[in-house]
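Here's the letter readout for the chains.
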Amino acid sequence: MATVSPPRHYRAYRPRPFTAAERKDVTILFGGLTWKHERLVQAALENQGYKALPLPNIERVDLDVGKELTDVGACCPTTFTTGSLARFLRDKAKEIGPEAVNRNYVYMTAGSCGPCRFGQYHESYTMALDGIGLKEFRLFLLDQTELDQGAAAGGGLEMNMAFSLGLVWGILCGDLITDLEYRTRPYEVVPGATDAAVKEAVERMYQAFRSRPNRGRKWGALAWTLFSRYYTNALKDVRRIFEKVEVDRLRVKPRVKITGEFWLQTHEGDGNYDIKRWLEREGAEVVPPPIAVWLDYLIGLALAELEEKAETDPKARKKVRIVKLLQKAYTWSYNRLRGALSGIPAELPDQKVLQELAQPYYHFRLNGGEGYMLVGKALYAHRNKHAHMICELSPYSCMPNTMSVGAMANVMGQHPDLLYSPIEIKGDAEVHALSRCQMVLTEAKKRAQREFDEAAARTGLTLEKARELESKRPGLRSAMAPFPHHGAAGTAANHLIELARRSR
Amino acid sequence: MLRTWFGRRPSAPSTPRPAKDRSKLRVGIPRVLNVWSTHRFWTAFLEALGVRPENIVYSSDTSEDQGREFGKGRGAVDCCYPVKCMSGHYGELVFGQRRKLDVILSPIIYTLPSFLHGHVQGSFSCTRVAAGPENIKSGFLKEADVFSGNGIRYASPFVSFAERALMPRQMVKGLGDVLDLDLEEATKAVDAGFDALDEFNARMRSKSREILESCAREDRPCLLVLARPYHMDPGIGHEIEVNVQASGFPILWMQYFPLDSDLLEWVFHDDLKSGVIRNCFDISDVWPSSYSANTNEILWGAKVAARLPWITCVLRLSSYECGMDQPTYTPVQKIVEGGDTLLFKFGDLDSTKPSGSVRIRVETIVHYVRKSSSDIIARKRARLPADCPLLPRR
Ligand code: SF4
Ligand code: SF4
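Reading the values: the criteria
- Residues numbered from 1 in each chain as written.
- Chains lettered and ligands numbered in written order.
- Predicted model: local features only at pLDDT ≥ 70, side-chain atom pairs only at ≥ 80, totals over all residues.
- Heavy atoms only, no water.
- Helix = DSSP H or I, 4+ residues; strand = E, 2+ residues; numbered from the N terminus.
- Rg over C-alpha atoms; globule rule 2.2 N^0.38 Å.
- Buried < 20%, exposed > 50% of the residue type's maximum accessible area, 1.4 Å probe, protein only.
- Contact = heavy atoms within 4.5 Å.
- Areas by Shrake-Rupley, 256 points an atom, 1.4 Å probe, with all protein chains shown as cover.
- Lys, Arg positive; Asp, Glu negative; His and termini not counted.
- Charge placed at Lys NZ, Arg CZ, Asp CG, Glu CD.
- Domains from an automatic or database assignment.
- Buried area = accessible area lost by both parts, 1.4 Å probe.
- Salt bridge = Lys/Arg side-chain N within 4 Å of Asp/Glu carboxyl O.
- Nonpolar A, V, L, I, M, F, W, Y, C, P; charged D, E, K, R; others polar.
- Polar contact = N/O pair within 3.5 Å; in protein donor to acceptor, adjacent residues only side chain to side chain.
- Phe/Tyr/Trp six-rings, centres within 6.5 Å; stacked < 30°, edge-to-face > 60°.
- Lys NZ or Arg CZ within 6 Å of the ring centre and 35° of its normal.
- Near = heavy atom within 4 Å.
- Pairing = 2+ DSSP bridges.
- Axes fitted to C-alpha atoms, helices over the stretch in contact; angles between N-to-C directions.

Looking only at helices and strands, chain A has 19 helices and ten strands in total. In summary, chain A has a C-alpha radius of gyration of 24 Å against a globular reference of 23 Å for 504 residues, a match within 12%. Burial analysis of chain A (504 residues in total) assigns 60% to the buried set. Intrachain contacts of chain A at a sequence separation of at least 6 include 76% that bridge at least 24 residues. Just so you have it, chain A exposes about 20,000 Å², and 54% of that area is on carbon and sulfur atoms.

Shown next, in the form of C-alpha cells:
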C-alpha cells in the first residue's frame, strides 16, 4: 500500500492585490512603446496619482536574459520584453533587496484576447519571475480593448475612463511627434536639431499631460478630452518648436514604410536592430507606423465582429451604432490633434479600405498579429504613392505574421512593381537581415531619383532653380512648411512640384 | 480507430432531399489542421446539401512523399509543419485525383467547437490554423491561378464553430456562389453537420469511458495523449502513441475524454469542495488567459491526467516551432508531475519521423510505465473519494 501524500497540484500565478492605500508608495512599471510614448503615458499616470516609471529601453542583452528564463521557442518580442523586465527587476533587487522590489513595484502591461502569444505574455513573465526569485512580484494585465475596466488588481489600479483616455491621448500625441520627427530628421540642415526638438516637444507634452485638469472619471472626462482646446494648444507649442528646425527637402531620399508585427514595428532600438535609424543612416526617409492605426484596427475588428453578430442578434445592432460612433469620434479627435500641427502628420487610413484591399489575399476577420493590415497597408501605400518601399518586420517564431507574409507572396505575384522587403528579426542575426533590406533599398533609391528627375522634367524646374525659389520663401525650409502630396511618393519630388506651382 | 476517422456515413434519413441537384459535384477537403476535429461536420454538411458521399474527397494523410510530389515550390514561408504540409494536400487535390474535383473547400476555422466553450474566455483556433488556408492558397495563385487553370473553384468559408448561430450565414457568404447555397439550405445543413459531429464525439467519449472502466476494474494503467487534433495524422504525430500501444497499454486522446459529470465530479472532488474551481471545466486555476480552444483543452487534459489514478503517464506531442504550445510546456509539466504522473514530451515533431530516437524513448516510456504504474495508481487513488464511478457499485 502506497503512502498517501498530499497532492501538489499546480496553480497559476496570481498576484497579491495592489490596494488603493499602496498607491503613493508603489511604482508602476511599464514598457513596450517608444521612449516618447512612454514619457507621455508616464505623465498621464502621474496625473491620476500614480507613481510610474517606464522600463529602460530594450537592449540586446535582454534577448539573452529572456531566452535564459523562458521556455525555448518564444517569439522575439516576448523574449525581449520578458528579458527587459527581468533584467530591471534583478538589478533593482541587488540594489534594494527582493522584498523591497516586491513591495515597491508592480508591472502593468496590455493584454489581448490574443490567439497568439500576446495574450499569453504573462506566462513568460511569471516564468521569468520564478527564475529570478521574485515570485511575489505583482504584474497586471490591462485589456487593451476596454476603456472603462473599473477597479482592478485589488483597487490599486482604477481603470476608469479618465485613466484610459489619458493613456490613449498620450499615445496619440506620441505618434504625432514621432511622425514629425521622421519627416524632419532626414532633411535637417543642422545635425541633431530634430532630436533636440523632439526632446523639447515631448517635455512640453509631458507637462501638459501631467497637469491636465480633473474633469471627473467618466463622461465629464470624455467630453473634456474630446472638446476642450487643452491638448491642441499644447500641440501648437510643439508646432512652434518644430518650426524652428530648418530642413532641406530637396534631398532625394526613398520613403520606406515600416510595417509588421506591432511591437517590432513600434520599437526603436536593439529589439529591431534599430532599423529605423539604420535606414536613415543609409539615406532613407522612414514612414513610422503610428500606434493610433493599431488602435483603430482594434476598433475595426470589434466592429466587423459585431456587424456579423448583428445579422442575427438585435442587441448587437445597438452596439454596432455605439462602436461606429466611437470610431468617428476617434478619427475626428486624431484629425483635430493633427490640425494643431498644421495637418502635417499622416491621416489615419480608413480601416474599411484596408480590409477591402487585403480581402482577396487575407480575410479581414483573421485577427492575431497585424491581421489584414500587413497586406492592406502595403497595398494602400503602394497605390496611393505614400512610399517607395515597404520594410516589413517579422518576428522570429511569430505565428500570425508568418501567415500574412505567406499571403504577401500572392500580393507580390499580382503587384510585381511593389518593393517589399520582409525582414525576419531574431534579435541576433543583424548583418543578414540588414543586408537583405539593403538590396531592396538600393532599388528604392533608384526609384526615388527617377521620380525626382521626372518631376523636374515635367515642371521644368532644375535643382538649382528650385533652391533659388526656396531662398525667396524661407518659410518653405521650415520643418512645419506644408507637406502637400502631389502624386509622388518621395518628399523631394513632391516639394519640387510644390515649388513649381508656387512659382507660377 | 484512426483508420476509420474520415469514413463516411450516409446522411441521416430525416434530412430532407435538397431541391438543387448537387449529386455530381465533387468536393475536395484538405485533411489538415482542425479539419481533424471537425471532419464529421463537413461530411454531413455536404451530404445534407446533396453532395454524394463518394464525391466528398479528403486528401490523404500527410507524408513527405505527398509534399514532394504535389507541394514542392508552393510553400510561401517557413513555419510549423502542420501548416507547411498543407501545400502537399492542396496539390494532391488539384493534381492527384483520378476523377477531377469541382471544388476545393478549405475552411478558415476562426473558432472551434470546444467542450470547454462557455467555461473559458474564448475558443479561438491558433492564428496559424485560421490563417493557414490564406497562406497556402497564395502558393497556388501567385504566378497563375492553378485552381481555375484546373477547372477547380477554391472556396474558403470563414467559420465560427463556437457560435453555431453565425454559421449558416457564414456558409452562405463563403460557399454561396460555389454551391449555389441559400440561407434555408445552409441552416439545415449546418444543423445536420453539428448533429453528426456531436454524435461522433459522444461515441468516441463513450469508448474512452469503456477503456477507463476496464483499466479501473483491472487496476492497470493507460496513457493520455495531450496534443493538437492533427497530431492524430500519422505524418504529423508520427504514430508515437501507436508504438507505445503496441506494448499493450491502452491510449486515450484528451479530445475524446469522457465528460460525464459523475466521473469528472469524482476526479475534481477536492478542487470543487475547496472552491478552487467553479466547475469541472474551469481551468482558471492553471491558465488565466484561456482564449485558445486547443490550448485550453490541453491544459484541462493535463489536470485530468494529474488526478485520475489509471492515467499514469502523459504523452505530450508538439510540432517544431509551435508558438501555441511553447508557453504551455512548463505549466503542463508542472500540472502533470504535480499529480505524481509520468510525462514524456515529444516537442519537436517535424516532417521526418525520428525513428531511432522514438524507438529508444518508447522503450524508456514502457519501462517506466511498467515500473511505476502500480505505485502511481495507488497514490492517486488514495487521494480520491472511495466511491469510484468507473467501478461497478458495490
Ligand atoms: S504577434 Fe507574433 S510576435 Fe507578436 S506576440 Fe503574437 S506571436 Fe509574438
Ligand atoms: S497550434 Fe502550433 S502546430 Fe498548430 S498551427 Fe498553430 S503554431 Fe502550428
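Within chain B, the regular secondary structure consists of 15 helices and ten strands. In chain B, the proportion of contacts linking residues at least 24 apart, taken out of those at least 6 apart, comes to 78%. Total accessible area on chain B stands at roughly 14,600 Å², and carbon and sulfur atoms take up 49% of it. Each charge class in chain B was averaged separately, 51 positive and 47 negative side chains, and the resulting centres sit 2 Å apart.

Below, the discussion takes up the domain arrangement of chain A. All names here are of chain A. If you check the domain split of chain A, you get domain 1 (20–159) and domain 2 (252–289 + 369–504). Relative placement of domain 1 and domain 2: their C-alpha centres are 33 Å apart. Contact with domain 2 buries area across many residues of domain 1, yet Arg60, Cys76 and Pro77 alone supply 26% of it, more than any other trio. Taken together, the connections running from domain 1 to domain 2 amount to one salt bridge. A salt bridge links glutamate 268 to lysine 36; the nearest nitrogen and oxygen atoms lie 2.8 Å apart. The element contributing the most residues to the side of domain 1 that touches domain 2 is helix H3 (residues 76–96), with four residues. Counted by class, the side of domain 1 that touches domain 2 contains eleven nonpolar, five polar and five charged residues.

Here we come to the environment of Ile132(A). Residues and elements named next belong to chain A. If you trace the backbone, isoleucine 132 turns up in the loop between helix H5 (121–131) and strand S4 (138–143). A residue is classified by how much of its surface remains accessible, and isoleucine 132, at 17% relative accessible area, is buried. Separated by 203 residues in sequence, isoleucine 132 and asparagine 335 have C-alpha atoms that sit 45 Å apart. The residues contacting isoleucine 132, other than those within four sequence positions of it, are Leu69, Ala86, Leu89 and Arg90.

Let's shift gears to the interface of chain A and chain B. Listed by partner, the interface residues are 55 residues for chain A and 58 residues for chain B. Of the roughly 4,800 Å² buried where chain A meets chain B, counting both sides, 57% is carbon and sulfur surface. Taken as a group, Tyr10(A), Gln120(A) and Met403(A) account for 14% of the area that chain A buries against chain B, more than any other trio of residues on that side. Between Lys334(B) and Asp130(A) there is a salt bridge; the shortest N-O distance is 3.3 Å. At the boundary of chain A and chain B, one finds 20 residue pairs in polar contact (both at pLDDT 80 or more). If one sorts the elements of the side of chain A that touches chain B by residue count, helix H16 (residues 399–414) of chain A sits on top with eleven residues. Across the side of chain A that touches chain B, the residue classes tally to 23 nonpolar, 20 polar and twelve charged.

Among all residues save glycine, negative phi is the norm, and among peptide bonds the norm is trans. Unlike most non-glycine residues, Ser397(A) shows phi in positive territory, near 70°. Here Ser397(A) lies in the loop between strand S9 (389–395) and H16. On the basis of relative accessibility, which here comes to 4%, the residue Ser397(A) falls in the buried class. Not every positive phi belongs to a glycine, and Glu239(B) is a case in point at roughly 55°. Structurally, Glu239(B) is set in the loop between helix H9 (234–237) and helix H10 (240–245).

On to the side chain of Ser292(B). Residues and elements named next belong to chain B. Within the fold, serine 292 resides in the loop between helix H12 (269–274) and helix H13 (293–307). The class for serine 292 is buried, based on a relative accessible area of 1%. Sequence-distant contacts of serine 292, that is, excluding residues within four places in its chain, are made with Gly122, Phe124 and Met324.

Another point: the packing of aromatic side chains. All told, the structure shown has 34 aromatic pairs over all chains when counted by the stated rule. Considering the side-chain rings of Trp224(A) and Tyr231(A), the 5.5 Å spacing of their centres and the 65° angle between planes classify their relative orientation as edge-to-face. In this pair, the class of Trp224(A) matches that of Tyr231(A), namely buried. Ring geometry for Tyr110(B) and Phe124(B): centres 5.3 Å apart, planes at 75°, overall edge-to-face. On the criterion of sequence distance, the pair formed by Tyr110(B) in strand S4 (residues 108–111) and Phe124(B) in the loop between S4 and helix H5 (127–141) is long-range, its members being 14 residues apart. Relative accessible area serves as the criterion here: at 3%, Tyr110(B) is assigned to the buried category. Ring pairing ties together the aromatic residues Phe41(B), Trp42(B), Phe45(B), Phe161(B) and Phe194(B), which thus form one cluster. The lysine or arginine in question, Arg39(A), covers the ring of Tyr206(A), its NZ or CZ lying 3.6 Å from the ring centre.

To continue, consider the domain arrangement of chain B. Residue and element names in this part refer to chain B. As assigned here, chain B comprises domain 1 (27–198) and domain 2 (208–382). Relative to domain 2, the C-alpha centre of domain 1 lies at a distance of 28 Å. In this complex, domain 1 contributes 27 residues to the contact, which on the side of domain 2 involves 32 residues. For the domain 1 and domain 2 pair, buried surface summed over both sides reaches about 2,500 Å², with 59% attributable to carbon and sulfur atoms. Looking at the side of domain 1 facing domain 2, the largest losses of area belong to Trp36, Phe115 and Gln121, adding up to 26% of the total buried there. Taken together, domain 1 and domain 2 are joined by one salt bridge. The interface formed by domain 1 and domain 2 includes twelve residue pairs in polar contact (both at pLDDT 80 or more). Contributions of two or more residues to the side of domain 1 that touches domain 2 are made by helix H1 (35–48), helix H3 (81–84) and H5.

Turning our attention to the environment of Tyr362(A). Examined against the element boundaries, Tyr362(A) turns out to sit in the loop between helix H14 (351–358) and helix H15 (373–383). Classification of Tyr362(A) as buried rests on a relative accessible area of 1%. The sequence separation of Tyr362(A) and Met373(A) amounts to eleven residues, and the corresponding C-alpha distance is 9.2 Å. Aside from chain neighbours lying at most four places away, what touches Tyr362(A) is Gly371(A), Tyr372(A), Val375(A), Pro400(A), Met403(A), Ser404(A), Ala407(A), Ala131(B) and Glu134(B).

This part takes up the site of ligand 2. Residue and element names in this part refer to chain B. By nearness alone, every residue bordering ligand 2 is listed as Cys80, Pro82, Val83, Cys126, Arg128, Val129, Arg228, Tyr230, Cys322, Gly323 and Met324. Looking at the shell around ligand 2, the elements that each hand over two or more residues are H3 and H5. Considering only residue class, the shell around ligand 2 consists of eight nonpolar, one polar and two charged. Shared between two domains, the shell around ligand 2 takes at least three residues from each, and those domains are domain 1 (27–198) and domain 2 (208–382).

Residues and elements named next belong to chain A. By secondary structure assignment, the location of leucine 45 is in helix H1 (residues 35–47). For leucine 45, a relative accessible area of 0% gives the class buried. Note: C-alpha distance between leucine 45 and arginine 210 (165 residues apart in sequence) is 7.9 Å. When sequence neighbours within four positions are dropped, the list of residues in contact with leucine 45 reads Phe30, Tyr50, Ala52, Met108, Phe163 and Leu167.

Once that is clear, we can look at the sheet that holds strand S9 (residues 311–319) of chain B. All names here are of chain B. Judged by pairing direction, the sheet is parallel, and its four strands sit side by side in the order S8-S7-S9-S10 without closing on themselves. Both edges of this open sheet fall to strand S8 (251–253) and strand S10 (342–349), since each of them pairs with a single strand only. Strand-to-strand twist of the sheet, defined as the mean angle between neighbouring strand axes without regard to direction, takes the value 25°. As paired elements, S9 and S10 share six bridges and run parallel to each other. Paired with valine 314 across the strands is leucine 343, a residue of S10. Of the strands in this sheet, strand S7 (222–226) and S9 touch H13, which is tilted by about 160° from S7. Packing against the sheet, helix H14 (residues 329–338) makes contact with S7, S9 and S10, and its axis sits at approximately 160° to S10.

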